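Summary of structural features
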Protein chains: 2
Amino acid sequence: MCAATIPPPPRKPGVAGTDAASEDQKGIGALAPAVILVEPQLGENIGMVARAMLNCGLTRLRLVNPREAWPNDKAVAAAAGADRVLDEAALFPTVGAAIADLHLVLATTARSRTMSKPVIDPRAAAARMHDAVGAGRRVGLLFGKESKGLDNDAVALADAIVMAPLNPAFSSLNLAMAVLLVGYEWRLAVLDAGAAAPPPPPDDDPPATKAEMQGLFEHLEGELDRTGFLRVAEKRPIMVRNLRTLLTRAQPSGPEVRTLRGVIKYLAAGRRAGDREAP
Amino acid sequence: MCAATIPPPPRKPGVAGTDAASEDQKGIGALAPAVILVEPQLGENIGMVARAMLNCGLTRLRLVNPREAWPNDKAVAAAAGADRVLDEAALFPTVGAAIADLHLVLATTARSRTMSKPVIDPRAAAARMHDAVGAGRRVGLLFGKESKGLDNDAVALADAIVMAPLNPAFSSLNLAMAVLLVGYEWRLAVLDAGAAAPPPPPDDDPPATKAEMQGLFEHLEGELDRTGFLRVAEKRPIMVRNLRTLLTRAQPSGPEVRTLRGVIKYLAAGRRAGDREAP
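Residues numbered from 1 in each chain as written. Chains lettered and ligands numbered in written order. Predicted model: local features only at pLDDT ≥ 70, side-chain atom pairs only at ≥ 80, totals over all residues. Heavy atoms only, no water.

Another aspect to go through is the overall build of chain A. Secondary structure summary: chain A contains 11 helices and seven strands in total. In chain A, which comprises 279 residues, the proportion classed as buried is 50%. Relative to all contacts within chain A whose residues are 6 or more apart in sequence, the contacts with residues 24 or more apart total 83%. For chain A, the computed accessible surface area is about 13,200 Å², with 56% contributed by carbon and sulfur atoms. (Helix = DSSP H or I, 4+ residues; strand = E, 2+ residues; numbered from the N terminus. Buried < 20%, exposed > 50% of the residue type's maximum accessible area, 1.4 Å probe, protein only. Contact = heavy atoms within 4.5 Å. Areas by Shrake-Rupley, 256 points an atom, 1.4 Å probe, with all protein chains shown as cover.)

Structural data, given as structure tokens:
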């Protein structure tokens, strides 16, 4: 099946346009995974999920039978500006209805299940979702309720289980944290795919030229000769080398070299009573 | 200097043992990065940070000047069982004090800064921290307050800036989410390394501690104040920040810091006629 034959899921046209323009140069934004919260208990957590989603460039939120009334003021407060994700959230009565239009569904769990289903980590999940989306498929991620996660019936509907390799003695993530981890890996997968990319722009602040560095070295060493710091002849070469190594490692820019020379000048001149000039 | 000469940071002995046994087979648990929250505003967020840390196997929490009283009941409630992290949290009056014993400090920010400091993503940060810990160095991650992140003076003290490649139009993470992302990459780095090779041998010449760096900064700035280099009050903060950034970027070792202080001392004293001593 080719991508063009699959209609994108319904979106408000203006918002979808914004998404494509600001967030996704490769046009797969409209097919980014849907985040499906199954029986979320607290509006505040739904809001935090919306924020984490938008952090990762995800905008399609689906809610299966949330416990609190929807729309929800506490969700809006916790979303910290990700209102758009909440405004477009779609409500479904069952998991089955929420995933009906999807081609690939991954179920997130904190503990292993006795189910013969592939278990993958968030990075592998992101790669698999990215491949699917690239092939024009619609993808969704299931997250269970805060208190006990997904029930086995919901997990059974998924193509694979996603489990983050966290501390086995303390692996239960806050709901929005779980969304963030998978969303973050999704975003990296999108960026990596786009990164067969043009070279980075020229540095605004390139390192000093070697001539500038040489001028700095000679200025410093001249002053140190005068003050006696380098007066032990047999130690002088190694001390000079060490100072040059250190200054080179800092990779100062041209303006930074000039600052350092100002520092040397002021330090060296500062002790001459009443002989201070403006820098 | 070999790693064995560096005393580990103070830990409750039983807890360190627990850490090593339950969470880290390779014995680097005791040197896992410290999470340093600078002026956190809400106890609840500190609790959520503790939970996210323990999810990722991190246990060393440091608090710089939290706004609410400490210990804090809302933190305990939000930690959802990660009480141990809260119980062991250490309080510090300043960022400088909180990083004094560390060799590598990374500052997390949501927006780019006009500071010439390397900017790396969480994955690169985890790799760098893991290498440093493997070489016997002590590492910390700075996180700013919820409302506006780290100020530039704190960022200037760090060796690099960590920025997650999130949606540029909506990149501000909840505090605990930011901790989770870096902690998650740390955990993956630990697990990946466990699947591969032993850690590199300890570095012969580890970077100076932040306390040594602080001593260097204060010595230099004191002399520059005396000589008038920093006398324009409105320019002083930015000049100090630029010098600190430059010196931090050089990653001087402890002996190199002592050399630089000798340089400053000799430059500053050198103009006093007939008053020269041996270094």
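If you walk through the whole model with that rule in mind, you get three aromatic pairs over all chains. Consider the rings of Tyr-184 of chain A and Tyr-184 of chain B, whose centres lie 6.4 Å apart with planes at 85°: the pair is edge-to-face. With Tyr-184 of chain A in helix α8 (residues 175-194) and Tyr-184 of chain B in helix α8 (residues 175-195), this pair bridges two chains. Taken individually, Tyr-184 of chain A and Tyr-184 of chain B each receive the classification buried, so the pair is uniform in this respect. Aromatic side chains Phe-229 of chain A and Tyr-266 of chain B sit 5.3 Å apart centroid to centroid with 65° between the ring planes, which places their arrangement in the edge-to-face category. In this pair, Phe-229 of chain A sits in the loop between α9 (210-227) and α10 (236-249) while Tyr-266 of chain B sits in helix α11 (residues 254-269), so the two residues belong to two different chains. (Phe/Tyr/Trp six-rings, centres within 6.5 Å; stacked < 30°, edge-to-face > 60°.)

Take Glu-221 of chain A: it is sitting in helix α9. Those residues within four positions of Glu-221 of chain A in sequence are excluded, and the remaining contacts are Leu-230, Arg-236, Val-240 and Arg-244 of chain A.

In this section: the interface of chain A and chain B. Contact residues are listed per partner, giving 65 residues for chain A and 66 residues for chain B. At the boundary of chain A with chain B, the tally comes to three salt bridges. Between Arg-249 of chain B and Glu-256 of chain A there is a salt bridge; the shortest N-O distance is 2.6 Å. Our count for the chain A to chain B interface comes out at 22 residue pairs in polar contact (both at pLDDT 80 or more). If you list the elements that add at least two residues to the side of chain A that touches chain B, you get α2 (43-55), α6 (122-134), α8, α9, α10 and α11 (254-269) of chain A. Taken together, the residues of the side of chain A that touches chain B break down into 35 nonpolar, 15 polar and 15 charged. (Salt bridge = Lys/Arg side-chain N within 4 Å of Asp/Glu carboxyl O. Polar contact = N/O pair within 3.5 Å; in protein donor to acceptor, adjacent residues only side chain to side chain. Nonpolar A, V, L, I, M, F, W, Y, C, P; charged D, E, K, R; others polar.)

The next point concerns the sheet that holds strand β6 (residues 139-143) of chain A. Residue and element names in this part refer to chain A. Taken in spatial order, the seven strands of this open sheet run β3-β2-β1-β6-β4-β7-β5, and their pairing is parallel. Both outer strands of the open sheet, β3 (90-92) and β5 (119-120), are each paired with one neighbouring strand and no more. Note that strand β1 (residues 34-38) and strand β2 (residues 61-64) share four bridges and pair parallel. Counted as the bridge partner of Val-38 is Val-64 from β2. (Pairing = 2+ DSSP bridges.)

For the rest of this paragraph, the subject is α11 of chain A. When the terminal C-alpha atoms of α11 of chain A are compared, their 23 Å separation across 16 residues agrees well with the 22 Å that a helix rising 1.5 Å per residue should span. Of all the positions in α11 of chain A, only Gly-254, Glu-256, Val-257, Leu-260, Gly-262, Val-263, Ile-264, Tyr-266, Leu-267, Ala-268 and Ala-269 of chain A are classed as buried. Looking at the buried positions of α11 of chain A, the neighbouring elements they touch are α9 and α10 of chain A together with α9 (210-227), α10 (236-249) and α11 of chain B. (Expected span 1.5 Å × (residues − 1).)

The next subject is the sheet that holds strand β5 (residues 119-120) of chain B. Residue and element names in this part refer to chain B. The parallel open sheet is built from seven strands, whose spatial order is β3-β2-β1-β6-β4-β7-β5. The open sheet has two free edges, formed respectively by β3 (90-92) and β5, since each of these has just one partner strand. Both strand β4 (residues 104-108) and strand β6 (residues 139-143) contribute to a ladder of four bridges, which runs parallel. By the bridge assignment, Ala-107 is partnered in β6 with Leu-142. Sitting on the sheet, helix α6 (residues 122-134) touches β4, β5, β6 and β7 (160-162), and the angle it makes with β4 is about 165°. (Axes fitted to C-alpha atoms, helices over the stretch in contact; angles between N-to-C directions.)

Inspection of the entire model under this criterion finds 25 salt bridges over all chains. Salt-bridge contacts for Asp-101 of chain A lead to Arg-62 of chain A; the nearest nitrogen and oxygen are separated by 2.8 Å. Remark: Arg-62 of chain A occurs in strand β2 and Asp-101 of chain A occurs in the loop between α5 (95-98) and β4 (104-108); sequence separation between them is 39 residues. In this structure Asp-101 of chain A comes out as partly exposed when scored by relative accessible area, which is 28%. A salt bridge links Arg-226 of chain B to Glu-223 of chain B; the shortest N-O distance between them is 3.5 Å. A residue pair is termed a helical-turn pair when its members lie 3 or 4 positions apart in one helix, as Arg-226 of chain B and Glu-223 of chain B do in helix α9 at three residues.

This next bit is on the confidence of the model for chain A. Close reading of the predicted structure is inappropriate where its pLDDT is low. Residues and elements named next belong to chain A. Per-residue pLDDT for chain A averages 82, and the proportion of residues at 70 or more is 80%. Ranking the elements of chain A by mean pLDDT puts helix α1 (residues 13-23) last with 34 and β2 first with 98. Taken as a whole, residues 1-28 scores under 50 in pLDDT and shows 43 contacts with residues more than four places along the chain or in a different chain. Within the model, pLDDT remains below 50 along residues 272-279, and this stretch shows 10 contacts once partners closer than five positions in the same chain are excluded. This complex was scored by the predictor with a pTM of 0.76 and an ipTM of 0.74. (pLDDT = per-residue confidence, 0-100.)

Before going further, it helps to spend a moment on the environment of Gln-214 of chain B. All names here are of chain B. Note on placement: Gln-214 falls in helix α9. As for Gln-214 and Leu-104, which are separated by 110 residues in sequence, their C-alpha atoms are 13 Å apart. Ignoring sequence-local partners within four residues, the contact set of Gln-214 consists of Gly-96, Leu-157 and Arg-244.

Counting 99 residues, the largest nonpolar core has Leu-37 and Leu-61 of chain A together with Leu-37 and Leu-61 of chain B as its most contacted members. Contact partners of Leu-37 of chain A, with chain neighbours within four places excluded, come to Ile-46, Val-49, Leu-61, Arg-62, Leu-63, Val-64, Phe-143, Leu-175 and Val-179 of chain A. One finds Val-95, Ala-208, Leu-230 and Leu-243 of chain B within the second-largest nonpolar core, a separate group that totals 57 residues. (Core = buried A, V, L, I, M, F, W, Y, C linked by side-chain atoms within 4.5 Å.)

Two numbers describe how α11 of chain A lies on α9 of chain B: the axes approach to 9 Å, and their chain directions differ by 65°. On the basis of their axis angle, the class for α11 of chain A and α9 of chain B is roughly perpendicular. Relative to α9 of chain B, the crossing made by α11 of chain A is left-handed. Here Val-263, Tyr-266 and Leu-267 of chain A of α11 of chain A lie close against α9 of chain B, whose contacting residues are Leu-220, Glu-223, Leu-224 and Thr-227 of chain B. Its residues assigned to classes, the contact of α11 of chain A with α9 of chain B comprises five nonpolar, one polar and one charged. (Parallel < 35°, antiparallel > 145°, perpendicular 65-115°, else oblique. Left-handed = near helix turned anticlockwise from the far one by under 90°.)

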